[in-house]
Amino acid sequence: MAKHRLAPARPHGRTASLAVAAGLGVSTVAGAPLVLAAPAQAAAQDIVELGPAQRQSDAQIILDELNRYRASLGVRPLKHSATLSQVVQKESDRQVTEEAFSHSTSFLQDPRTGPWTSANEVIALEYHRDVRALVRWWIASPAHDKAIKDPRHEVIGVGLSYADGSLSRTGQPWQVLSTVNLYGYANGGAPADSSARVSGAPSSAPSSTSSGVAPQSTTSAAPWAAAAPQAPATDHPVVNGIGARYWELGGPAGPGQPLMAERGGLRDGGVYQDFARDGVRTTVYWSPATGAQPVKTSGAIGHRFLATGGVDGYGYPLTGEVPTADGYYQKFSNGYTVHWSRSTQQVWATR
């Protein structure tokens with residue numbers, strides 16, 4: 001789910017565009033704007049302050065993940081600017097207090113951004129406090145992918161807003177929302193504080209998971225880089241229950257290459273791992289009660305699963321996609337079955 005529009009060019013020819021990525025649980029109908037009505041009274045109490053160290057660490061993770069992806073495509077790395085981050089932080093907080101997942105044009109008009117020649121804004125949110133998942137959303141969406149890999153861009157500002165998981169007006173379980181602004185500059189016009197690292201941030205090595213998988217080195221090959229077809233990339237191990245199911249599904253010839261190490265933090269002690277093959281993305285989920293099953297997150301059933309909260313909505317997958325005479329269905333642990341029709345292209349859930 002995403003929207004993308006072109007902002008009016010400035011008289012001197014600067015171009016800018018906007019894109020919004022729906023994280024877990026944000027839904028919209030096709031063609032409808034993904035903007036929620038602002039409440040009569042903003043709910044600033046929904047914002048949770050985790051401290052500057054956590055914010056710096058998460059911003060570094062986002063910068064590193066974006067740069068690993070750009071490096072895999074042969075695009076030069078981005079730098080981080082504290083000044084640009086100050087510009088975008090207010091905009092990121094606004095969306096949480098208004099419970100409105102939406103763009104403004106403030107990133108185009110603030111004088112602190114300097115003489116930019118191109119600009120983009122991307123947004124994503126998650127129901128889990130996992131900032132790497134925000135980057136995965138952007139990569140999976142064509143509009144956002146185009147923005148984050150645009151070779152014209154060289155400096156970003158990162159806004160990060162943490163929420164309490166139960167917004168006061170709508171009750172939506174938002175946990176983290178990030179707004180990233182990307183800018184290009186001509187003739188050295190970038191902010192003076194542009195840097196390859198976020199000030200005060202530690203190295204952004206992936207965290208360990210509840211299943212005991214050790215953290216992976218940040219110096220390893222980019223997780224989106226091509227790997228040998230006969231085996232998964234060794235810097236992203238596929239182990240335990242997910243590993244067993246991965247090989248049952250065909251390994252690299254099935255779900256494809258691992259994009260990350262197994263990661264925990266899901267409800268009821270669950271873990272997950274992302275894979276991709278020929279542009280098809282699959283997430284294999286495991287929980288003690290359900291075992292390991294795949295969700296084709298780039299498919300119609302997978303989109304509905306993510307849009308309704310993932311494992312916090314329909315629950316853990318109990319099956320893979322099961323073929324029918326006119327499409328597929330998939331069963332989930334909270335009693336839902338999600339159907340897709342080939343003839344009508346419709347997706348619906350029964351319970």
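On a predicted model such as this, the values are computed, not experimentally measured, just so you know. For every chain, the first residue of its written sequence is number 1, and the numbers climb from 1 along that sequence. The predicted origin of the model limits local features to residues at a pLDDT of at least 70 and limits the giving and counting of side-chain atom pairs to 80 or more, whereas totals for whole chains, interfaces and linings rest on all residues. Only heavy atoms go into the side-chain values, all of them from the structure, while hydrogens and water stay out.

## Overview of the overall build of the protein
- Helix and strand assignments follow DSSP, with helices taken as H or I runs no shorter than four residues and strands as E runs no shorter than two, numbered in order from the N terminus. The secondary structure content of the protein amounts to seven helices and 14 strands.
- Each residue's exposure class comes from its accessible area (1.4 Å probe, protein chains only) as a fraction of the maximum for that residue type: buried when under 20%, exposed when over 50%, partly exposed otherwise. Relative to its full complement of 351 residues, the protein shows a buried share of 52%.
- In what follows, a contact means two residues having at least one pair of non-hydrogen atoms within 4.5 Å. Of the contacts formed within the protein by residues at least 6 apart in sequence, a portion of 62% connects residues at least 24 apart.
- With the model as given, the accessible surface of the protein reaches about 14900 Å², and the carbon-plus-sulfur share is 55%. Where accessible areas are quoted, they stem from the Shrake-Rupley method and a 1.4 Å probe; at the residue level, only the protein chains shown are allowed to cover.

## Observations concerning the sheet that holds strand β11 (residues 322-324)
- Paired strands are those between which DSSP finds at least two bridges. Taken in spatial order, the four strands line up as β11-β12-β13-β14 in an open sheet, and their pairing is antiparallel. Looking along the sheet, the strands with just one partner apiece sit at the ends: β11 and β14 (347-350). Averaged over all pairs of adjacent strands, the angle between strand axes in this sheet comes to 25°, irrespective of strand direction.
- Together, β12 (327-331), β13 (337-341) and β14 form the strand contacts of helix α7 (residues 300-307), whose direction differs from that of β13 by roughly 140°. Axes, fitted as lines to C-alpha atoms, cover a helix only where it is in contact. Angles between the N-to-C directions of the axes lie from 0 to 180 degrees.

## Examining the packing of helix α1 (residues 52-72) against helix α4 (residues 131-140)
- Where α1 meets α4, the axes come as close as 9 Å, and the angle between the chain directions of the two elements is 35°. As α1 runs across α4, the sense of the crossing is right-handed. Within the contact between the two elements, α1 uses Asp58, Ile61, Ile62, Glu65, Leu66 and Tyr69 and α4 uses Val131, Arg132, Leu134, Val135, Trp138 and Ile139.
- Charged means Asp, Glu, Lys or Arg here, nonpolar means Ala, Val, Leu, Ile, Met, Phe, Trp, Tyr, Cys or Pro, and polar covers whatever is left, Gly included. The residue inventory of the contact of α1 with α4, partitioned by class, reads nine nonpolar, no polar and three charged. Working rule for handedness: look at the near helix, and if it is turned counterclockwise from the far one by less than a right angle, call the crossing left-handed; if clockwise, right-handed.

## A closer look at the sheet that holds strand β7 (residues 257-258)
- If you walk across this open sheet you meet the four strands as β7-β8-β9-β10, and the pairing is antiparallel. At either end of the open sheet lies a strand with only one pairing partner, and these are β7 and β10 (291-295).

## What to know about the side chain of Thr290
- With respect to the element layout, Thr290 can be found in the loop between β9 (280-287) and β10.
- Under the rule applied, a polar contact is a pair of N or O atoms within 3.5 Å (in protein, one hydrogen donor and one hydrogen acceptor; residues adjacent in sequence only if both atoms are side-chain atoms). At a separation of 2.6 Å, a polar atom in the side chain of Thr290 contacts the side chain of Ser287.
- Other than its neighbours up to four places away in sequence, Thr290 contacts Tyr316, Pro317, Leu318 and Ser333.

## Here's the deal with the pattern of salt bridges
- We count a salt bridge whenever a side-chain nitrogen from Lys or Arg sits within 4 Å of a carboxyl oxygen from Asp or Glu. The final tally for this structure, using the stated rule, is 15 salt bridges.
- In this structure, Glu98 and Arg94 form a salt bridge, with 3.0 Å as the shortest nitrogen-oxygen distance. Residue Glu98 and its partner Arg94 are located together in helix α2 (residues 82-98), separated by four residues, close to a single helical turn.
- Looking at Glu98, the relative accessible area reads 24%, which means it is partly exposed.
- Two residues, Asp274 and Arg136, come together in a salt bridge whose shortest N-O distance is 2.5 Å. Placement of Asp274 in strand β8 (residues 271-277) and of Arg136 in helix α4 is noted, with a sequence separation of 138 residues between them. The same class applies to Asp274 and to Arg136, which are both buried.
- The structure contains a network of salt bridges with shared partners spanning Asp130, Arg136, Arg263 and Asp274.

## Points about the packing of aromatic side chains
- Only centres within 6.5 Å qualify two rings of Phe, Tyr or Trp (six-membered ring in Trp) as a pair; their planes then separate them into stacked at under 30 degrees, edge-to-face at over 60, and tilted for everything else. Counted by the stated rule, this structure contains ten aromatic pairs.
- Ring centres of Tyr328 and Trp340 lie 6.2 Å apart, and the angle between their planes is 20°; on these two criteria the pair is classed as stacked. Of this pair, Tyr328 sits in strand β12 while Trp340 sits in strand β13, and the two are twelve residues apart along the sequence.
- The class of Tyr328 is partly exposed, set by a relative accessible area of 30%.
- Grouping aromatic residues by their ring pairs yields a cluster made of Tyr272, Tyr285, Phe305, Tyr314, Phe332 and Tyr336.

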